[in-house]
Every structure is written in structure tokens, then in C-alpha cells.
Amino acid sequence: MPELPEVQTVVNTLRPRVRGRTIRDVRLTRDDVLTPAGVDFARLIEGRTVAEISRRAKRIVFTLDDGQRFYIHLGMSGRLTVQPPDDPLPRHTHLLIGLDAEPALELRFTDPRRFGGIWWLGVAPDEDGVVGPEPLTVRPAQLARRLARTTRAIKNALLDQSVIAGLGNIYVDESLFAAGIHPLTPANTLTTEQVKGLNRAIKSTLRRALRHRGSTLRDYRDADGNAGGFQSLHRVYGRAGEPCRACRSAIQRIVLGGRSTHFCGNCQPR
DNA sequence: GTCCATGTTCTTTA
DNA sequence: CTAAAGAACATGGA
């Protein structure tokens, strides 16, 4: 659910409330949200201070004062909030971290669908798994090199986190519209000029979404519980049948890689 | 009951 | 063998 703009907004709202605070008590109410299984997560983090909170791809990375790290992925329906411990506890809250604050604060991870979770990294210098470059800083030549390696539709290639990290279904559709590229275009057939335009479109789309604190379709909230505001500015995502904001022709919806894909057949010709 | 959902990973097919 | 397509995961809302 949350893509780069939403995850970054969570990090931005989390940081001033959590960084520098000491972890008092940890409650993991079901252990299958933790990877690897069997890690004594509470013992590892209790008494530690949160040195930094950052984002890599769609992961929210916590760095502790002893240099150990873990990350939380929100999956499709995850929320990470900071609130007073006596606030009513929502269903499907799997992790509660009590923080040393006056008045007391609690970091909560809630995720009904449980596609998200907590991954313990320890002091491993490398990140786990293959994660592509960050879309806000990737250079056009680097993006071109990675797209040239696959014949897949550009929509599917951009959703692949090992090709480029942080994009999801909303921002791939929005970026392809902004670049005027049809989602079915084979990734390796894009011209150098098209990749340059796509690179610019991705960056401007993400920056605009960040300014509006992400998109809330249903579940997404930042760490303070606030919804995003970008959803009303989507140009194609979720607008099937509605007029294109540029040319008034009807936005089309097809299924690609099992995901809804929205585009303007006129502004994004094949 | 049906279909759909901001994601990732495992399995099957080509 | 590899790349790509498809299924699966779990819950809830329309």
C-alpha cells in the first residue's frame, strides 16, 4: 500500500517524536510478524535508544545506539503511529514499543492483512535482499542500463523493486502518464530520450506526492494518524472512465502483472 | 456471495 | 538453465 511518498512521510513524522528516546518496554503480540523467526526482539531493543529513523526503498529503518538495526515494512495495510499508551488499541496491532517520554508515548505497528512485518538486521553492513537504486537520486544512464536488461512491459519493470526501489502501483501509473509512455512498452525498447523523460517524470511525481504527504486510498496514515492529500491530484490512478486531465479522452484500465493499470491511450500512445 | 485493494515472494510456465 | 507470468498470502470494504 504505502509507496515511497507515504513511507517517507511516516519517517518524517516519526523522527521528531521517536529519535533520541529510550525503549522502555516491548510487546510483540504475535511472533509471525518478525523475521527471522526466533529472534528475541524485545531483549535486543529494550533499554536501547533510537539513534536514527530512515527510509530505504519502502522500508522504515531503525538504527539503535549500539549500531544494531531493524526495519518495518508496512505491506499493504500497515500503520506505524506514535500516541499515548492509553489511546484505544485498534485490532491487528502486533507490536507496541513504550518510549521514555513525558507524557508517555507508544509506537504501534498495526497491520490487518499482515503483508508487512518487522525484519531484524542486527549489525549486518549490507541490506538484506536485492534492492535497486533510489528513484529520487538515480541517474538517467543508470536507469537506462537497468531497463535495457529486460523485455518486460515498462509498468512491470518499474514495479520490480530490484530494478528501482520505492515505486508501487500508484506512482508507476502516474509517472508513466507524466512521461507520456504506454505501460505495455517493452522496457528495453525505450529510447534514451524516453528514459530521460521517464526519469524526470518519476522524480517530479514523487516530489509532488511528498509535498502533499502521500496518497490515502483507505488505510494509509502518517505517524500522527493523518491521511495524505495527493489522492485527489492523481491524473490516471483510480480514474478509469473519467476524462484525461490533459486531453479529455477516457482513462483506460487494463490488468498487467495482476495489477490494475491506468493510462490515457491518447497521451500515452503505443 | 463477488470483486477489489498502495506489496512481496514462491511456484509454474515458456 | 533463465526470464517472465501467475498464484498465493490475510483481511476488510464496496
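Just so you know, these numbers come straight off a predicted model, no measurement behind them.

If you check the domain split of chain A, you get domain 1 (4-122) and domain 2 (140-263). The C-alpha centroid of domain 2 is placed 28 Å from the C-alpha centroid of domain 1. Listed by partner, the interface residues are 18 residues for domain 1 and 19 residues for domain 2. Considering only the side of domain 1, the residues that lose the most area to domain 2 are Pro5, Glu6 and Arg79, jointly responsible for 33% of the buried surface there. Taken together, the connections running from domain 1 to domain 2 amount to one salt bridge. Where Arg17 meets Asp224, a salt bridge forms, and the shortest distance between an N and an O atom there is 2.6 Å. There are nine residue pairs in polar contact (both at pLDDT 80 or more) connecting domain 1 and domain 2. Contributions of two or more residues to the side of domain 1 that touches domain 2 are made by α1 (4-18) and β6 (79-83). Counting residues per element, the side of domain 1 that touches domain 2 draws most heavily on α1, at nine residues.

The omega angle of the peptide bond from Thr35 to Pro36 is -5°, so this bond is cis rather than trans. Structurally, Pro36 can be placed in the loop between β2 (34-35) and α2 (41-45). Cis peptide bonds are those with omega within 30 degrees of zero, and the linkage from Glu102 to Pro103 qualifies with 0°. Following the sequence through the fold, Pro103 ends up in the loop between β7 (93-99) and β8 (105-110). Unlike most non-glycine residues, His92 shows phi in positive territory, near 65°. Structurally, the position occupied by His92 is in the loop between β6 and β7. Take His92: its relative accessible area is 33%, and that puts it in the partly exposed class. Here the phi dihedral of Arg114 falls at roughly 60°; this positive angle occurs in a residue that is not glycine. Positionally, Arg114 belongs in the loop between β8 and β9 (117-122). A relative accessible area of 37% places Arg114 in the partly exposed class.

The subject of this paragraph is the pattern of salt bridges. A side chain with one charge can pair with a side chain of the opposite charge if their charged atoms come near. The tally for this structure, following the rule as stated, stands at 19 salt bridges. Close ionic contact of Glu106 with Arg108 constitutes a salt bridge, the shortest N to O distance being 2.9 Å. Both residues of the pair, Glu106 and Arg108, count as buried. Linked through salt bridges whose partners overlap, the residues forming this network are Arg15, Arg19 and Glu52.

Thresholds applied
Residues numbered from 1 in each chain as written. Chains lettered and ligands numbered in written order. Predicted model: local features only at pLDDT ≥ 70, side-chain atom pairs only at ≥ 80, totals over all residues. Heavy atoms only, no water. Domains from an automatic or database assignment. Contact = heavy atoms within 4.5 Å. Buried area = accessible area lost by both parts, 1.4 Å probe. Salt bridge = Lys/Arg side-chain N within 4 Å of Asp/Glu carboxyl O. Polar contact = N/O pair within 3.5 Å; in protein donor to acceptor, adjacent residues only side chain to side chain. Helix = DSSP H or I, 4+ residues; strand = E, 2+ residues; numbered from the N terminus. Buried < 20%, exposed > 50% of the residue type's maximum accessible area, 1.4 Å probe, protein only.

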